[in-house]
Amino acid sequence: FASSSALGTLTVVTDPTSVVAGNATINYYGTSPSSAFVVPVTVNSPDGTVSGGTVSLTLVSGSTKTPLGKASVAGGNAYVSVSAGTLPPNLQVGNYELVETYSGVLSTGASNSFAGSTAMGTLTITTAPTSVVPGNATLNYYDNTPSPAFTISVGVNSPAGTVNTGNVAVSLVSDNTTTPLGTATLSANGTATINVAANTLPANLQVGSYQLVETYTDAAGGQFAGSTANGTLTITTAPTSVVPGNAMITVGTTGPVVVPVAVNSPAGVVSGNVVITLVNGNSTILLTPPSGVPLSGGRALVSVTLPSGLSIGTYRLVETYLGNGEFAGSSAVGTLSVEPVPVPVAALKTAIDAAAIVLMSNPAAEAELRLFANVFLHYSIPSTIPDLIAAIQFFYPQTDGLGLAAIAEGMFLAQDLMIENPPSH
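Residues numbered from 1 in each chain as written. Predicted model: local features only at pLDDT ≥ 70, side-chain atom pairs only at ≥ 80, totals over all residues. Heavy atoms only, no water.

### Quick notes on the sheet that holds strand β11 (residues 150-157)
Let me state the cut-off plainly: The rule for pairing is simple: two strands pair if DSSP sees at least two bridges between them. Numbering goes from the N terminus for both helices and strands, where a helix is a DSSP run of H or I of at least four residues and a strand is a run of E of at least two. Interaxial angles span 0 to 180 degrees and are taken between N-to-C directions of axes, which are lines fitted to C-alpha atoms, for helices over the stretch in contact.
Taken together, three strands build an open sheet; the order of strands is β9-β11-β14 and the sheet is antiparallel. With one partner strand each, in any of the chains shown, β9 (131-133) and β14 (191-196) form the two edges of the open sheet. Averaged over all neighbouring strand pairs, the angle between strand axes comes to 30°, with direction disregarded. Pairing geometry for β9 and β11, over three bridges, is antiparallel. Paired with V133 across the strands is G155, a residue of β11.

### Observations regarding the nonpolar core
As a rule of thumb, nonpolar side chains are buried together in soluble globular proteins. Quick reminder of the rule: Nine residue types can take part in a nonpolar core, namely buried Ala, Val, Leu, Ile, Met, Phe, Trp, Tyr and Cys, and a core is a set of them joined through side-chain atoms within 4.5 Å. Burial here depends on accessible area, computed with a 1.4 Å probe over protein chains only, as a share of the maximum for the residue type. Under 20% is buried, over 50% is exposed, and the range in between is partly exposed. Contacts between residues were defined by any pair of non-hydrogen atoms, one from each residue, lying within 4.5 Å.
Counting 85 residues, the largest nonpolar core has L87, L123, I152, V168, L201, L233 and L336 as its most contacted members. Beyond its immediate sequence surroundings of up to four residues, L336 is in contact with A247, M248, I249, L278, L306, L310, G313, T314, Y315 and L317.

### With respect to the pairing of strand β13 (residues 177-185)
Two elements, strand β12 (residues 167-174) and β13, share eight bridges in a ladder whose sense is antiparallel. Across the sheet, residue V170 finds its bridge partner in β13, namely G182. Between the antiparallel neighbours β12 and β13 lie two residues, among them D175 with a positive phi of about 55°.

### Observations regarding the sheet that holds strand β10 (residues 137-140)
In space, the five strands of this open sheet follow the order β10-β16-β15-β12-β13, with mixed pairing throughout. The two strands at the open ends of the sheet, each matched to only one other strand, are β10 and β13. Strand-to-strand twist of the sheet, defined as the mean angle between neighbouring strand axes without regard to direction, takes the value 25°.

### Let's talk about the side chain of T66
Mapped onto the secondary structure, T66 falls in strand β5 (residues 64-72). Setting aside anything within four residues of it in sequence, one finds T66 in contact with L57, T58, L59, T86 and P88.

### Structural notes on the pairing of strand β18 (residues 247-250)
Only one face of β18 is buried: it carries A247 and I249, and the other face, with M248 and T250, is open. Where β18 lies against strand β25 (residues 330-339), four bridges are found, and the strand directions are parallel. Note on β25: the bridge partner recorded for I249 is V338.

### Let's talk about the packing of aromatic side chains
Quick note on the threshold: Only centres within 6.5 Å qualify two rings of Phe, Tyr or Trp (six-membered ring in Trp) as a pair; their planes then separate them into stacked at under 30 degrees, edge-to-face at over 60, and tilted for everything else.
Applying the stated rule across the entire model yields two aromatic pairs. Note on Y141 and F327: the rings are 5.7 Å apart at their centroids and 85° apart in plane angle, and the pair reads as edge-to-face. Taken together, the positions of Y141 in the loop between β10 and β11 and F327 in the loop between β24 (313-321) and β25 put the pair 186 residues apart, joining distant regions of the chain. Neither residue differs from the other here; Y141 and F327 are each classed as buried.

### Brief notes about the confidence of the model for the protein chain
The criterion, for reference: As a per-residue measure, pLDDT tells how confident the predictor is, with possible values from 0 to 100.
Per-residue pLDDT for the protein chain averages 85, and the proportion of residues at 70 or more is 78%. The lowest-confidence element of the protein chain is helix α2 (residues 366-375), averaging 46 in pLDDT; the highest-confidence one is β9, averaging 98. The low-confidence segment residues 363-371, where pLDDT is below 50, has 14 contacts with residues more than four positions distant or belonging to other chains. Confidence over residues 373-381 falls short of pLDDT 50; this stretch has 19 contacts with residues more than four positions distant or in other chains.

Set out below in structure tokens:
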């Protein structure tokens, strides 16, 4: 065979590549600017380490494609940094496609040439973090009565914006027991008001502080993560009111004298002690032991001994409930009336008759005038005949047989005598 020749072709193509897609996860951001994040992308080739070229990143959301950025490949890796605010607003919780495209590089000399390639990654939007702003409540001790109704206001915050979906549930923790108090839906401003009905709390919850567990839960498929915080329920001492007791004695009496005192409270029957102080001018005298006299069923019959020398008149009795760990202290003012000693009717009749006769027959007899005054036990002598008659009738309405007109006339004469000859004492 004779020799012959022909021309063929050797084609040198770019090295094949494959993109190992990177993924990213960020929190739901609502209408706030989206956060910055980084998507790591790897580019491989059977012909060696890929260096050179770029990786570009695009988000696919529905029919919308949003370029997120690009980065150079070095050592087979590219890190695409997505700036804050790049994502569309209100991207909902879920998974979105990331188109990750490597653009190859043609090299001369010792460097390789790499073909482009593409892979699909995932951007995951998770629920946004939340924080509960706990609400607190204070109410009075309620003893054996039903616990009162009250409200607890709870807020929920998030960096993604106003949290206005979902519910807040509140429970009370006391003595290793958890008591549900209620649930409320968040309002448009991110707060929930839990209305705790009367008689919801455990009976006889003592004065002190108790933990309120306040838990936020978004609606199913919502954009916000749940969270919990602890508030405080404070039980304070219950208010009380003293119903003061009064007492009356005759002049010269020191006791014992019984003063009835009652202490009331909306929380129920009050226990504890009461003290009584007598106010005499600018001085005060404690009539009971400093520790007080105990109540029984919210009442006390306090037996006291009075100081000697109290003159006729009215005095204040300051009656104070000292309070205890459950009921608050309180005070009220009663009265002590010191009255003149009553004169027996028969003796009164004799004395007044004698005084009237003497006054009418001897108007200058000052001694008899003093006798007449003594009938009224040191009260001021009435200055007119009607006043005299009224005084006798008021103090001694049973003085039958007395000559009121004669007595009045004698008193009238006595007035003239006192004007002309004033008594020396």
